[in-house]
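Observations on the model geometry
So the chains spell out like this:
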Amino acid sequence: QKLDGQTALNLTRARGDAYGSYGFPQADFDRTEHQRQVLAAIQTKLTWTLILNPLKNGKLFQAVAKNIKTDVKLGQARALLQLFNSIPNEKLQSVSLRSIGGKNLLSSYGSPSGQSTLIPAAGIDDYSVIQEAIEDLNQ
């Protein structure tokens, strides 16, 4: 599927089933998955040839300057881009804390004031199992 920029942006921002939304059943989990998909698609199009060609990079640099604020230095950005481009798409993993290694590392929690949220399955502020699972993924 090809998306124009505005549609891709809308997709990366879409969450749940509120009026006017796309109605994704997993709300924020679907949103983060779509963000990963859009970044992977951008990666396939982003090359040093494009970046270094002043005839082609003007719109790209304008879009980046208008939409991204960072304290990353130019040399650091180049290293990040090289790292980003060095990872083949087939090596990228989309991981959810709801299904790492077949385990759901999150549980529902209702606050005393009635708000609903997700917390680590090990308990509030106990991120040890999540940290361990991420370390295992990075092996």
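Residues numbered from 1 in each chain as written. Predicted model: local features only at pLDDT ≥ 70, side-chain atom pairs only at ≥ 80, totals over all residues. Heavy atoms only, no water.

Our focus in this paragraph is the overall build of the protein. Broken down by element type, the protein carries six helices and two strands. Traced from its N-terminal end to its C-terminal end, the protein shows the element sequence α-α-α-α-α-β-β-α. In summary, the protein has a C-alpha radius of gyration of 19 Å against a globular reference of 14 Å for 139 residues, an excess of more than 25%. Dimensions of the protein, computed from the C-alpha atoms along their principal axes, are close to 55 × 40 × 30 Å. Of all 139 residues assigned to the protein, the portion counted as buried reaches 18%. The contacts in the protein between residues at least 6 apart in sequence include a share of 35% that link residues at least 24 apart. (Helix = DSSP H or I, 4+ residues; strand = E, 2+ residues; numbered from the N terminus. Rg over C-alpha atoms; globule rule 2.2 N^0.38 Å. Buried < 20%, exposed > 50% of the residue type's maximum accessible area, 1.4 Å probe, protein only. Contact = heavy atoms within 4.5 Å.)

Moving on, we get to the confidence of the model for the protein. Here the protein averages 81 in pLDDT, and 92% of its residues register 70 or above. Mean pLDDT values over the elements of the protein span from 72, in helix 3 (residues 48–52), up to 92, in helix 6 (residues 128–137). (pLDDT = per-residue confidence, 0-100.)

The next point concerns the packing of helix 1 (residues 5–13) against helix 2 (residues 28–45). When two helices pack together, their arrangement is given by the angle between the helix axes and by the axis-to-axis distance. Packing of helix 1 against helix 2 brings their axes to within 7 Å, and their N-to-C directions diverge by 145 degrees. Residues Ala8, Leu11, Thr12 and Arg13 of helix 1 lie in contact with helix 2, whose contacting residues are Arg31, His34, Gln35 and Val38. Taken together, the residues of the contact of helix 1 with helix 2 break down into three nonpolar, three polar and two charged. (Axes fitted to C-alpha atoms, helices over the stretch in contact; angles between N-to-C directions. Nonpolar A, V, L, I, M, F, W, Y, C, P; charged D, E, K, R; others polar.)

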